[in-house]
Amino acid sequence: MDKKLKELSEEVYRELEAIQSNEQLEGFRLKFLSRKGAFAQLFEEFKLLPKEEKPKYGQNLNKFRQDVNSKYDELEKKYASSVKSEDVFDYSLPGRKKKTGSTHIITQTMDQIVELFKNLGFNVHEGPELESDYNNFEALNFPEDHPARDMQDTFFVNPGFLLRTHTSPVQIRLMQKQQPPIRAIMPGKVYRNEAISAKSYCLFHQIEGLYVDKNVTFAELKGTLVYFAQQFFGQGLKYRFRPSFFPFTEPSAEMDIWWETPEKGGRWLEILGCGMVDPNVLRNVGIDPEIYTGYAFGMGVERTCLSRYGMSDIRTLFDNDKRFLVQF
Ligand code: DAH
């Protein structure tokens, strides 16, 4: 301890003498007086000394430190600025990034689809999730005894109102307000009273499309949907249209795309329903089917999302598991 103290005091006084600038003074402070400096270390060692030696060294150490501190204070006054490096705020440091949430994969997919149709001149429209039986079924030409009206599929709030089972009622709302030409894309949530499984959920999202004008044809419908699918899934896409039935379109079709899967080689995947708006629907909203024709389509967002990212269980989209969500 004696030797150490001696060596340190020699070094300290030598360096104190040599100080000629604020920078050197700061260097001295860091080396000897700061929390990790030589003095602090010496005091740590002092703590470990046997009891009987403590008084002697304690006094010497304290005196030494007081002396050095007062010399340091003098020099600090002399070199005017008392700025220490810890006090300096470095304005050039890049900011720390705050972690924020990200857009959910379903919303991202919907935004991309809507954007594609916006570029084709479609306007975006939304409707309420709580809908009347009239808009959801009757105006869309669903017969009184249609199975979709069954309690097993539909969440009824009361006999006249329900949670919409598809986005097609937004077509009705729009056509009631507006005469053609109408070109609209309508994204939103829909509800069905189904058993929850890997393939179906009680809540999901759809995107509805509608184009009503003079001389709208099925060829235009096909052209638009093929363009959409190629933009969304890729140019080399294989697709097909199959005849189908919906109460609100005549003729009706479903569009499938060929989906390559590594295990099974690939399969046809239904991505949407579509057709020419049934004259009865146009009549229900006060549009003359002798003058106007229209096409409509509706697609499920979750399914598109699952196939695009090679996922197999729809429930992962609703679990809100951060480990899943941060990947997108
Ligand atoms: N609403 C239909 C459903 O939920 C999908 C659909 C099919 C929408 C054909 C349409 C259409 O606009 O023309 O299954």
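Everything below is about the structure shown above.
This section reports on the structure supplied with the text.

Definitions and limits used
Residues numbered from 1 in each chain as written. Predicted model: local features only at pLDDT ≥ 70, side-chain atom pairs only at ≥ 80, totals over all residues. Heavy atoms only, no water. Salt bridge = Lys/Arg side-chain N within 4 Å of Asp/Glu carboxyl O. Helix = DSSP H or I, 4+ residues; strand = E, 2+ residues; numbered from the N terminus. Buried < 20%, exposed > 50% of the residue type's maximum accessible area, 1.4 Å probe, protein only. Near = heavy atom within 4 Å. Polar contact = N/O pair within 3.5 Å; in protein donor to acceptor, adjacent residues only side chain to side chain. Areas by Shrake-Rupley, 256 points an atom, 1.4 Å probe, with all protein chains shown as cover. Core = buried A, V, L, I, M, F, W, Y, C linked by side-chain atoms within 4.5 Å. Contact = heavy atoms within 4.5 Å. Pairing = 2+ DSSP bridges. Phe/Tyr/Trp six-rings, centres within 6.5 Å; stacked < 30°, edge-to-face > 60°. Patch = residues over 30% accessible without salt bridge, like charges linked within 9 Å, V, L, I, M, F, W, Y side chains within 5 Å. Axes fitted to C-alpha atoms, helices over the stretch in contact; angles between N-to-C directions. Parallel < 35°, antiparallel > 145°, perpendicular 65-115°, else oblique. Left-handed = near helix turned anticlockwise from the far one by under 90°. Nonpolar A, V, L, I, M, F, W, Y, C, P; charged D, E, K, R; others polar.

The next point concerns the pattern of salt bridges. Inspection of every chain in the model, using the stated rule, returns 16 salt bridges. Salt-bridge contacts for Glu11 lead to Lys31; the nearest nitrogen and oxygen are separated by 3.2 Å. Of this pair, Glu11 sits in helix α1 (residues 2-18) while Lys31 sits in helix α2 (residues 22-33), placing them 20 residues apart in sequence. The exposure class of Glu11 is partly exposed, given its relative accessible area of 26%. The class of Lys31 is partly exposed, set by a relative accessible area of 39%.

Okay, the site of the ligand next. In the vicinity of the ligand lie 15 residues, with His166, Ser168, Arg192, Gln206 and Glu208 positioned nearest. Between an oxygen atom of the ligand and a main-chain N or O atom of Ala296, the distance comes to 3.1 Å. Starting from 360 Å² of accessible surface for the ligand in isolation, the protein chains cover 89%.

Moving on: the nonpolar core. In terms of nonpolar packing, the biggest core is built from 44 residues, with Phe228, Phe297 and Leu317 touching the most fellow members. With residues up to four places along the chain from it excluded, the contact list for Phe228 reads Ile113, Leu116, Phe117, Ile271 and Met299. In this structure, Phe142, Ala184, Val212 and Val277 belong to the second largest nonpolar core, which totals 22 residues.

We now examine the sheet that holds strand β10 (residues 293-300). By way of backbone hydrogen bonds, the strands of a sheet pair with one another, either parallel or antiparallel. The 7 strands are arranged β1-β5-β6-β10-β9-β8-β7 in an open sheet whose pairing can be described as mixed. Taken across any chain shown, the strands that pair with only one partner, and hence form the sheet edges, are β1 (123-124) and β7 (239-246).

Inspection of the entire model under this criterion finds 22 aromatic pairs. Judged by centre distance (5.3 Å) and plane angle (80°), the rings of Phe117 and Phe122 are edge-to-face. In terms of burial, Phe117 and Phe122 fall into one category: buried. Aromatic side chains Tyr295 and Phe297 sit 6.5 Å apart centroid to centroid with 35° between the ring planes, which places their arrangement in the tilted category. One exposure class covers both Tyr295 and Phe297, and it is buried.

A separate point is the pairing of strand β5 (residues 182-191). Counting buried residues along β5, 8 of its 10 residues qualify, which places the element largely inside the surrounding structure. Where β1 lies against β5, 2 bridges are found, and the strand directions are parallel. Across the sheet, Val124 pairs through a bridge with Ile185, a residue of β5. As paired elements, β5 and strand β6 (residues 203-213) share 10 bridges and run antiparallel to each other. Its bridge partner being in β6, Gly188 is matched across the sheet by Gln206.

Together, Leu130, Val157 and Phe161 make up an exposed nonpolar region whose accessible area comes to about 280 Å². With respect to the element layout, Phe161 can be found in strand β4 (residues 161-163). Residue Phe161 is classed as partly exposed on the basis of its relative accessible area of 40%.

This part is about the packing of α2 against helix α4 (residues 54-78). Two elements in contact, α2 and α4, have axes separated by 11 Å at closest approach and are oriented at 160°. In this view, α2 runs roughly antiparallel relative to α4, as classed from their interaxial angle. Note on packing geometry: the crossing formed by α2 with α4 is left-handed. Facing Leu25, Phe28, Arg29 and Leu33 of α2, the residues of α4 in contact are Val68, Asn69, Tyr72, Leu75 and Glu76. Partitioning the contact of α2 with α4 into residue classes produces 6 nonpolar, 1 polar and 2 charged.

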